[in-house]
Structures are given as C-alpha cells and as structure tokens.
Amino acid sequence: MPQPIPLRPDASPLALFGYELRRHREEAQLTQEQLAKKIAFSTSLVGMIERAARRPEKAFAERCDQALGLDGVLTRLSAIARRETDAEHFRTWLDIEQEAATLRAWDPLLIPGLLQTQSYARRIIAGEPGITPEQADQQVAGRMRRLSILSREDPAIIFALIDEGVLRRPIGGPDTMREQLAYLLQVAEHPTVTIQIVPYSAQSTCGLLSAFVITEQHNCPQAAYVDCSPRGRTIEDRAAVSELARRYDTIRAEAYPQHLSIKLIEDVMEKWL
C-alpha cells in the first residue's frame, strides 16, 4: 500500500486542513474509505482533501467533526481554507466537470456555459462590474476550453435544458444571438448531446430560482454546480445533489423532445435576421 503524501501544515490553510483531517482520522483508526462512509462523501474526495488538492466545503468539515468526535476544529479550519480559495471558486468544479461521464444542465436565463459561443460568452462576462478587458479575455478563453469535454476519447454525455426565453433574450444583439443559436443547432448533432427547450407554456416554477449542472458517474449523481451571486458554488453533499437531480427530472418532464426543440431554435433564429 503506497505511503500517504506528506503535507507541510504551514504551507497554506488548505494544507493545514488536510494535515489535521488525516491526523484526526488516523488517531480514530479509520481508513479513508471508512470515514467517507460515515460522512456520506466519496473516498476519493476524502483523499483529495487530505492531499490539499481540493478545498473542504462546510458540510464536509461539519460531518468530519461529528464522525471524529471533535469540537468543531475542522469546521473552523475549513472556513479559513475556503476564504483562501474563494478567488478560485470555479477550479474545483472544472476538475469535476472534466472527469464527468454525464452532465445534466439547466438554465432559465442564459445558454449553459458549456454551449456558449465566444461572442455570447464575452458579452456576458464583460458585463461583470469592475472586470478588466484582460480578465474578460482570460475568462472567455477558459470557458471555450471547457468544450474539450466533447472531444475526449470518451466524450461526456450532455443533456441541456434551456428555457424558451433564453432564445429570445438579446444578449449582444442580433448577430451574436443568430450565431449562438446556429451553434446550438450544430452541437445538437453531436451524438452525445441532447438539447431540449422548456416552453413558456410549461409554466414550470421549480427551476426558476437558479441554473445548475449535475455530474454523474455510472448513472449516479456525484456533484453539482449552482449559479448564484456573487459567485456560484460546488455541491458534493449526496442528499443535496440528489435533490437537484429530482428537480432536474421535474423540469425535463415539461420540456419539448429534441426534434421539437430544434425546430423552435430554428424558428427563433430566423427572427434574429
């Protein structure tokens, strides 16, 4: 069995959390797998957090404190570690997204990030208060790289639910919208991509509060990313992810099938001429 990677607890708050988690786990004579079962998180997540490769969310730290009989020390350390990595809040999700077998996305306001064109993404990102042109360029480039998930040897399966109003919202003007909708039609031809439009007539309300994406491995929901202001958040709590999966299924039940969704996208695209 390989020896655990040594950590310098003074290297960073993230390293300190990983060091303390490993120390308390070993004192409790628990393996990573045994701790993961007690706290209802994955063994791989426990390992990555102990290596300081992932930041600990509050729910993770609280459950570790409870499972290990601690007085909240890990919860307090996790708050410090999260503050350190707030500027990199999306990096955790990018790691998860790139490893996903299946992605289920819903957005009531915008084209999902994975399916955005460069000009559409730039218009959204450039609208952030205080963002510089250089920062916008970096974020746009990063968003464009995400679509490499479809060019993998085993491309991810993507199910995208989009509200009808998104097709009609003038992001960047007619040229940008026409290009964006044409791109949706193009990517919908990919064998692992399904795009469905949720029509106005559905009057669906359970998805109006936020956009979210759920990742799956072996047909089982693993993690989710929820959009919110001022920044989104990654969720790995199994109960919360399962709740979002049920919400997604409820929204999808009201969506047009793909062939009718494609026809609607084509019709709306003509109105952007």
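Residue numbering note: each chain is counted from 1, following its sequence as written. Restriction of local features to residues with pLDDT of at least 70 applies here, the model being predicted, together with a cutoff of 80 or more for giving and counting side-chain atom pairs; totals for whole chains, interfaces and linings are based on all residues. Excluded from the side-chain calculations are hydrogens and water; all other atoms, namely the structure's heavy atoms, are used.

What is the right way to read the sheet that holds strand β5 (residues 220-226) from this model?
Pairing between sheet strands relies on hydrogen bonds along the backbone, with the strands arranged either parallel or antiparallel. Here, strands pair whenever DSSP counts at least two bridges between them. For helices the rule is a DSSP run of H or I covering at least 4 residues; for strands it is a run of E covering at least 2, with both sets numbered from the N terminus onward. If you walk across this open sheet you meet the 6 strands as β3-β2-β1-β4-β5-β6, and the pairing is mixed. In the strand order of this sheet, the two ends are held by β3 (193-198) and β6 (233-235), each with one partner. Sheet twist, expressed as the mean angle between neighbouring strand axes with direction ignored, is 15°. Two strands pair when backbone bridges link them, and β5 and β6 are joined in this way by 3 bridges, in the antiparallel orientation. Residue Val 226 lies in a different strand from β6, and its bridge partner there is Arg 233. We call two residues contacting when some pair of their heavy atoms lies within 4.5 Å. In this description, a line fitted to the C-alpha atoms serves as the axis of each element, helices being fitted only across the stretch in contact, and the angle between N-to-C directions of two axes falls anywhere from 0 to 180 degrees. Relative to the sheet, helix α11 (residues 238-252) contacts β1 (102-107), β2 (157-163), β3, β4 (212-217), β5 and β6, its axis offset from that of β4 by approximately 110°.

Sorry if this is basic, but what is going on with the pattern of salt bridges here?
Pairing between side chains of opposite charge can happen when the charged atoms of each approach one another. The salt bridge criterion pairs a side-chain nitrogen of Lys or Arg with a carboxyl oxygen of Asp or Glu, the two atoms within 4 Å. According to the stated counting rule, one finds 14 salt bridges in the structure shown. Note that Glu 27 is salt-bridged to Arg 23, the shortest N-O span being 3.1 Å. With a gap of 4 residues between them, Glu 27 and Arg 23 both fall in helix α1 (residues 13-27), about one helical turn apart. Residue burial is assigned from relative accessible area. The probe radius is 1.4 Å, only protein chains are included, and a residue is buried under 20% of its type maximum, exposed over 50%, and partly exposed in between. Residue classification places Glu 27 among the exposed positions, given a relative accessible area of 53%. Residue Asp 137 is joined to Arg 122 by a salt bridge in which the shortest nitrogen-to-oxygen separation is 2.7 Å. With Asp 137 in helix α8 (residues 133-145) and Arg 122 in helix α7 (residues 118-126), the pair connects residues that are 15 residues apart, well separated along the chain.

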